[in-house]
Structure formats: C-alpha cells, structure tokens
Amino acid sequence: MRTALVRRALLAASGASLALLATACGPSDGAGAEQDAKPSAAAPSPSPSPTPEAKALTAAELEKLTLADGDVRDVKIAKAGADDVAKAAEVTTDKPECTALAQAGGLAPVGAAVTTTERIGVGKPSDPADPMSVSATSVQLASYDGKGAEEALASLKAAGQACGGGFTTTAKGEKTTVKSVTPSAVTAGDEAAAWTIATEDEGEALNSQMVAFRKGNNLVVVHTVRFDAKPASAQAFIDAQVKKLG
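The following refers to the structure shown. Quick caveat: nothing in here was measured; it's all calculated off a predicted structure.

**Focus on the state of the cysteines**
- Under the criterion given, the structure shown has one disulfide.
- Note that C98 is cross-linked by a disulfide to C163, the S-S spacing being 1.9 Å. Taking the sign of the torsion about the S-S bond as the criterion, the disulfide between C98 and C163, at about -110°, is left-handed. One end of the pair, C98, is in the loop between β2 (91-93) and α3 (99-105); the other, C163, is in the loop between α4 (148-162) and β5 (167-171), with 65 residues separating them in the sequence. Taken as a pair, C98 and C163 share a single burial class, namely buried.

Following this line, the structure appears as structure tokens:
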C-alpha cells in the first residue's frame, strides 16, 4: 500500500478510533472485526475455470458486488480517492519480476482488467488505550474477459515466489521499500494466494498482509496494513467479499 494512502488512512483512523471508542459499532451482517476474524471453516468446491468467451462484468454489475460500509463490523469503508488509485503505467519497480505485486500494492489493476472498483476500510483499535492500534485495508475488485483473472493471479503468485528478498517500488511518484515477501496459507474463492509483507516508508516499518483470490473471472486483492507491531490480518474483509460475490 502506498505511503500517502497509508498516512491518510492513519489520520482517518485516529479520528475514527475516537468516534468508535465513544460509540461502539454494533454487529452487522458482515464478517467480524479483524481481531475476531477466523479462517473459513471449509474450502469451497472449485468452480470450472472461466472459458475464453467469459465476459467481464460491467461497471454497474461490479459495483453491486463491491464492499460497502457496514459489510465488515467495526470498520468504516469508503471509496478510494483518485489520488489513492494508480494506473499500471504509474507503477515502477527495480525488479521487473515484482511488477504484479507492486501494482497490487499501488491499487493499480493487475493484468488486463476491464472494470475495477477500489475501497478503503479503517478499523477500530484492538487496544482501547492505544488509538493507533488500528489497521487500514484496501480492497480492489477487478473483472476480466476470458481467463484474464487466472492470468493475473498467476502473475501475482510468480511475483510472490520471485520477490521474497524484497524490492523497491514507486507508485505515482511515491517510493516504498519492500523488505520481504513471505507466502502464507489462505483459502478463498476458486483459488487464492497470500503474502506477509514487511515494508519501510521513510524510515517507518509497517507489517501487512496481501491476499489475492479469484472467483470465476473476477479477482479480489485485499491488502491490510497495521500501524503497530502486531501481525496484519485481512480475514474479515476476505470473508465479507466472498459472501458478497456469492
């Protein structure tokens, strides 16, 4: 996740945290809060791979499947701003094999996405005494023609394998140093991959989890960044998005 996006989320989190402390959010129909999140109980039955004739969803159709405020308990969800979302051409990296991960971290579409939506979610503090014990999560839902979603996920998996030692990326002029990329286990959609990512932004160390999963010819990338030393978990957003996709 880009530096500017993280910092804006941090400022928003500070205000949102105080509001949530004053008025606790009640449960919604969405998944539990991040600190209560648990992995899905059972793996879904794989669906057939998209056919070459599969068509991407329209913008209106994709919007209906996109996370909205209230879908994840104790999290404020809003549309990502224009400054938060990079174009593929605006993302560069010192290691070309890491491009897909760099694009995903910059909220740029991976591969030949036809339509996309982007959301930012800011949670409540896990420690009421520490307003900064919060996380910020970006969620990009992208729809592809044919087997584009499979190909995009394959490129992310390849980047995750090739870039364990880290890389440097610049998105919309903002530089981020990724110190390490470590694969982790995840179950979601028809196929999925996940990584624990350690980054350094202007001397500030951040821990994050990135999860990418495919449902038919749609691809979801969830990236959760914590502002304290605790491990980041995207599970609540994964569960909510899986539910929304049906």
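**Observations concerning the nonpolar core**
- With 28 residues, the main nonpolar core has L101, L156, F167, W195 and L219 as its most contacted residues.
- For this core, the elements supplying multiple residues, two or more each, are α3, α4, β5, β6 (174-184), β7 (191-201), β8 (204-215) and β9 (218-226).
- With five residues, the top contributor of residues to this core is α4.
- Here W195 is in contact with L101, L156, K157, G160, V181, T182, P183, S184, S208, Q209, M210 and A212, once residues within four sequence places are set aside.
- Counting residues in hydrophobic clusters, the runner-up holds 19 residues, among them V75, V139, F213 and V220.

**Regarding the side chain of R226**
- Here R226 is to be found in strand β9.
- Assessed through its relative accessible area of 5%, R226 is described here as buried.

**Describing the sheet that holds β6**
- With antiparallel pairing, the nine strands of this open sheet are ordered in space as β1-β3-β4-β9-β8-β7-β6-β5-β2. Each edge of the sheet is formed by a strand with only one pairing partner; in this case those strands are β1 (75-79) and β2. Recorded for the sheet is a direction-independent mean angle of 25° between the axes of neighbouring strands.
- Relative to β5, β2 runs antiparallel, the two being bridged by three bridges. Bridging from a neighbouring strand, T93 pairs with T169 of β5.

Reading the values: the criteria
Residues numbered from 1 in each chain as written. Predicted model: local features only at pLDDT ≥ 70, side-chain atom pairs only at ≥ 80, totals over all residues. Heavy atoms only, no water. Disulfide = S-S within 2.5 Å. Helix = DSSP H or I, 4+ residues; strand = E, 2+ residues; numbered from the N terminus. Buried < 20%, exposed > 50% of the residue type's maximum accessible area, 1.4 Å probe, protein only. Core = buried A, V, L, I, M, F, W, Y, C linked by side-chain atoms within 4.5 Å. Contact = heavy atoms within 4.5 Å. Pairing = 2+ DSSP bridges. Axes fitted to C-alpha atoms, helices over the stretch in contact; angles between N-to-C directions.

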